[in-house]
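# Architecture at a glance
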Amino acid sequence: MSRLLLLSLVAALPLGAQAPAGGVTVFGALQNGATRAPLAYVTVQLRTDRDSAFVGGRLTDSTGAFTFTGIRKGTYRLEARAVGFEPLSQQVFVGELSAFLDLGPLALVPVTRTLDQVVIAASADEVAATLEKKSYRVADNVSQAGGSVLQAMSNLPGVTVGPDGKVLLRGSDKVAVLIDGKQTALTGAGTQAGLDNLPASAIERIEIINNPSARYDANASAGIVNLVLKQQEQRGLSGKVGLMAGAGALWSRRDNLPTIRPQFEVTPKLNPSFSLNYRTPTNNTFVQGDWLYAPTLNKNEFATRTYDDGTVIYQQVKRNRRTDYATLASGVDHAFDDRNSLAVSALFNREKILDDGDNPYFQGSLANRTRLWQFLEDEVKYTAYATAAATHKFPQPGHLVRVTGIYSFHREDEQYFFTNTLPSFTGKDAFKLLSDEHVTDLNLDYVRPLRQGRLEAGFKGRYRAIPVDMKFFAGLNSPIDTGAGGWATYRETIPALYANYVYESPAIELEGGVRVETVIVDYEVNPDHNTYRSDGYRYTEAFPAIRAAWKFDDAHRLSLFVNRRVDRPNEVDIRIFPKYDEPELIKVGNPGLRPQFTTSVDLGYKTSWATGSFYAAAFHRITDASITRIATQAPGSPLLYNVFQNAGRSSNTGAEVVWQQDVGRRVSLSTNASVYRNAVAAFSVVNRYPVPVTYTTGAQRLISGNFKVNAALRFGPDLDARVSSVYLAPDLLPQGRIGSRYSLDVGVRKGLQRGRGELLVNVTDLLNTMQLHKTIRGVGFSLESRDYLETQVVRVGYSWKY
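The present account deals with the structure reproduced in this document.

Each value, and the rule that gives it
Residues numbered from 1 in each chain as written. Predicted model: local features only at pLDDT ≥ 70, side-chain atom pairs only at ≥ 80, totals over all residues. Heavy atoms only, no water. Salt bridge = Lys/Arg side-chain N within 4 Å of Asp/Glu carboxyl O. Buried < 20%, exposed > 50% of the residue type's maximum accessible area, 1.4 Å probe, protein only. Helix = DSSP H or I, 4+ residues; strand = E, 2+ residues; numbered from the N terminus. Core = buried A, V, L, I, M, F, W, Y, C linked by side-chain atoms within 4.5 Å. Contact = heavy atoms within 4.5 Å. 1 Å grid on protein atoms, 1.4 Å probe; cavity = no way out; pocket = protein on both sides within 12 Å on 5 of 7 lines; lining within 4 Å. Points joined across faces, edges and corners; volume = space filled by probe spheres on them. Nonpolar A, V, L, I, M, F, W, Y, C, P; charged D, E, K, R; others polar. Phe/Tyr/Trp six-rings, centres within 6.5 Å; stacked < 30°, edge-to-face > 60°. Lys NZ or Arg CZ within 6 Å of the ring centre and 35° of its normal. Patch = residues over 30% accessible without salt bridge, like charges linked within 9 Å, V, L, I, M, F, W, Y side chains within 5 Å. Areas by Shrake-Rupley, 256 points an atom, 1.4 Å probe, with all protein chains shown as cover. Polar contact = N/O pair within 3.5 Å; in protein donor to acceptor, adjacent residues only side chain to side chain. Pairing = 2+ DSSP bridges. Axes fitted to C-alpha atoms, helices over the stretch in contact; angles between N-to-C directions.

### What about the pattern of salt bridges?
Scanning the model with the defined rule gives 47 salt bridges in all. A salt bridge links E207 to R205; the shortest N-O distance between them is 3.1 Å. Residue classification places E207 among the buried positions, given a relative accessible area of 3%. The residue R321 makes a salt bridge to D355 at a minimum N-O spacing of 2.8 Å. Of this pair, R321 sits in strand β19 (residues 312-335) while D355 sits in strand β20 (residues 340-363), and the two are 34 residues apart along the sequence. Using a relative accessible area of 14% as the deciding quantity, one classes R321 as buried. For D355, a relative accessible area of 0% gives the class buried. Each of the salt bridges in this network shares a partner with another, and the network as a whole consists of D217, D441, K460, R462, R515, E517 and R568.

This is the structure in structure tokens:
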């Protein structure tokens, strides 16, 4: 067994390693204390300690083994009696951290005398009691039904959505997004991606893990979001079909600047979905599909740019977006026997995006248009991934080994067309990008339950390759850098080992582990590129993760988390090809970018009572080589170049509070507040593209946070509603700040057809108040903007279960 522990490879351990809601499985074996021979067909009983009430009885099998399942929280006494042996009364503790407990061999002494009685303590609470993660059912969020996963997450405690559409946990966007516990190209193999269009109808629940243990990949310092896909558990044929429809941008919040095309109004939304499941004792087959059609006024930003010489530019960035997003997933789980099973699944996704945009520029007044920039972005993304997992279960419950293989493919096929109209000429530019991402993971898991906890150990191997080809087609007087095109290939190899140990007693919980990763990144660049050359990096680092908890009693718990994690630059962060964010704002990667390393400490407290609970946490993160984007202006050029850089040390310090309370039988309240301070030390960097430009700034600090209230209202057995209110305080941006924001969402759900049907009506941003107000200070200029993008959407939907 020691050899197996050393050689086992683990990467896709079940996220539900803690005690399930259905109780804990307790097992052991009886043997002769003198000869160590197994004692077969001996009666074993489990009783409560308080009143000796009978819980269950078993006969040991031919090997002396016995198993009790579904054991709930409480104090028990394990008893065994056999002729010729003294009675056994054994203390057993069943905690919240493990679904399986191995009592090991229990010896019956062949001497007749009475043993003193021993008390048994057991507790099997919800997973959230460990404070490691929070779990939320998507179906409960009636006010966001029919939208994307990103919209569904916007109301969750501790989660905010940044102005660039990324998820932030406690003020940081360094978040990994998993699907069923696995990284895929659909949501980002390195960082998060695709959440703004992934339909929430495909997701059963969302898990937020702020302090991952060592069994998770070390990437993503802010934490992990795990999206659990829907699956039916009932036997036979079952499924669900649904349709949500609605409209957004119901009226214009601000009229366009002169001379541009109309902005989207009354944009239709359509989200049909279905799931089908067939389960037998040895097989489970499922298929599910979702389609999201959602034209959107994706951006409608009005800005005033003031230069140090007094020049004032008024501008608008208007982007009408058409999105077509389809997903089909299927899989089969087969049990060959009680100990061996195979699970195979696959997913295919196609995302089509068409962006039409207008960017007018006026100098001094709206009567003096100096430029009109119009663009069309035609982008198609294809994602496919397949997984196969073979599991072998040993005779002891919960003791298993699993081999998992995962392959992901993601293609980006993008074309951009620009028309640049100035008083003296009109130029037309274009470029085309093709990127194929291949990710292969091979994992072997090993889990061993112990008497008071469990042992996990493993290894993960990953190979990732992303060849990219970019072609530029320059028009008249084009600012496009034709020498920056060509090809580049990103290659990433990561072998990782980890071990994790969990211990629990009636008053203490300990979980400690370490993950050791070797990372080899090579970035091969077209040798004709006019600025960058081939680059890469290598490191071998240890990433410890420790959790200690003190249980004062069943209702009060204090936990301390300490861990070290990393954020590796994603391929797009180092991609050498310039890309227009705006006509005068060029985004380009940096092959010299290096990983940032973060050490974090988190202290959490939770108390519960019959009708509610209270959770509070204080956290502090220190990051070295912080990754951020810096905009500089090349001498003699009107263009700004936005380049990722390692900006030195930063910190994130704050507190979070979650209060949940049932107010009578009809009202449940959930309130979340978080406040944090983001600080960045003074730093100086050099943007190398297109020519070296030095950027220097002093230390920056800002206190920000958010406040959320969710009210669930029950008007009857089949009628309920949800009201969600979100306030986001001002926060730091690279070289600037974003102002406060507020929204109010409302949803109503009515059960029909004896619980098989369901009717939904909801409105997001009911008051139409969610606007993005930004102030930015660059070299030689300042900019103030307000974005009136589409945030208010009305939806109506129906679903039917069978």
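Having seen the model, we can carry on.
### Here we look at the nonpolar core
Within the largest apolar cluster, 40 residues are counted, with the highest numbers of intra-cluster contacts made by F418, F431, Y523, Y539, I576 and Y580. With sequence-adjacent residues up to four places away left out, F431 is seen in contact with E414, Q415, Y416, F418, M470, K471, F472, F473, K579 and Y580.

### A short note on the layout of surface pockets
Looking at the second largest pocket, its volume works out to about 300 Å³. Lining of the second largest pocket is provided by 15 residues; of these, G28, A29, T63, A65 and Q396 occupy positions nearest its centre. Elements that contribute at least two residues to the lining of the second largest pocket include exactly β1 (24-32), β4 (65-71) and β7 (100-108). Class assignment of the residues belonging to the lining of the second largest pocket gives a composition of seven nonpolar, five polar and three charged.

### Here's the deal with the packing of aromatic side chains
What the rule picks out here adds up to 18 aromatic pairs. Each ring, one from Y307 and one from F781, has its centre 6.2 Å from the other, and the planes form 45°; the classification is tilted. Of this pair, Y307 sits in strand β18 (residues 296-307) while F781 sits in strand β46 (residues 781-787), placing them 474 residues apart in sequence. F781 matches Y307 in its accessibility class, with the two residues each being buried. With a centroid separation of 6.4 Å and an interplanar angle of 10°, the aromatic rings of F543 and F597 are classed as stacked. Of the two residues, F543 sits in strand β27 (residues 535-553) while F597 sits in strand β31 (residues 596-609), which places them 54 residues apart along the sequence. Linked through ring pairs, W373, Y416, F418, F431, F472 and Y580 together constitute an aromatic cluster. The ring of F302 has R254 lying over it, and the distance from NZ or CZ to the ring centre is 4.1 Å. The ring of F781 carries the charged tip of R305 above its face, separated from the ring centre by 5.8 Å.

### Things to note about a nonpolar patch on the surface
On the surface, a cluster of nonpolar side chains totalling about 990 Å² of accessible area is made up of L237, V241, F274, L276, Y278, L328, V748, L759, V761, V796, Y798 and W800. At the level of elements, β15 (236-248), β16 (267-279), β44 (757-764) and β47 (793-801) are the ones that each hand at least two residues to the nonpolar patch. Locating V748 in the fold gives a position in strand β43 (residues 741-752). Given a relative accessible area of 34%, V748 falls into the partly exposed group.

### What to know about the side chain of R547
For R547, the position within the fold is in strand β27. Of note is the side chain of R547, whose polar atom sits 3.0 Å from the side chain of E509.

### Section: the sheet that holds β1
Across the sheet, which stays open at both edges, the three strands sit in the order β4-β1-β7 with mixed pairing between neighbours. Each having just a single partner strand, β4 and β7 make up the two edges of the open sheet. On average, each strand axis in the sheet is tilted by 20° relative to the strand beside it, whichever way the strands run. Pairing of β1 with β7, which is carried by seven bridges, proceeds in the parallel orientation. The residue bridging L30 from the neighbouring strand is L106, located in β7.

### Things to note about the environment of P717
Structurally, P717 can be placed in the loop between β39 (700-716) and β40 (719-728). P717 sits 38 residues away from G755 along the chain, and the two C-alpha atoms are 9.7 Å apart.

### Description of the sheet that holds strand β9 (residues 133-137)
On the basis of which strands lie adjacent, the open sheet formed by four strands has the order β9-β13-β14-β12 and mixed pairing. Two strands in the sheet have a free side with no partner beyond their single neighbour: β9 and β12 (175-179). Between one strand axis and the next, the sheet turns through 20° on average, direction left out of account.

### Observations concerning the pairing of strand β36 (residues 667-680)
Sheet topology note: the strand β35 (residues 650-663)/β36 ladder contains 14 bridges and is antiparallel. What sits directly across from V657, in β36, is A673. Hairpin remark: β35 followed by β36, antiparallel, with three residues in the connecting loop; positive phi at G664, about 75°. Two strands pair when backbone bridges link them, and β36 and β39 are joined in this way by 14 bridges, in the antiparallel orientation.

### Focus: the environment of M153
Mapped onto the elements of the fold, M153 is located in helix α2 (residues 149-153). The sequence separation of M153 and L560 amounts to 407 residues, and the corresponding C-alpha distance is 26 Å. If near-sequence neighbours (up to four positions away) are discounted, M153 is found in contact with V159, V167, I206, I208 and V225.

### Considering the environment of D553
With respect to the helices, strands and loops of the structure, D553 is situated in strand β27. Given the relative accessible area of 40%, D553 is considered partly exposed. Separated by 268 residues in sequence, D553 and T285 have C-alpha atoms that sit 43 Å apart. For D553, the side chain forms a polar contact with the main-chain nitrogen of A555, separated by 2.8 Å.

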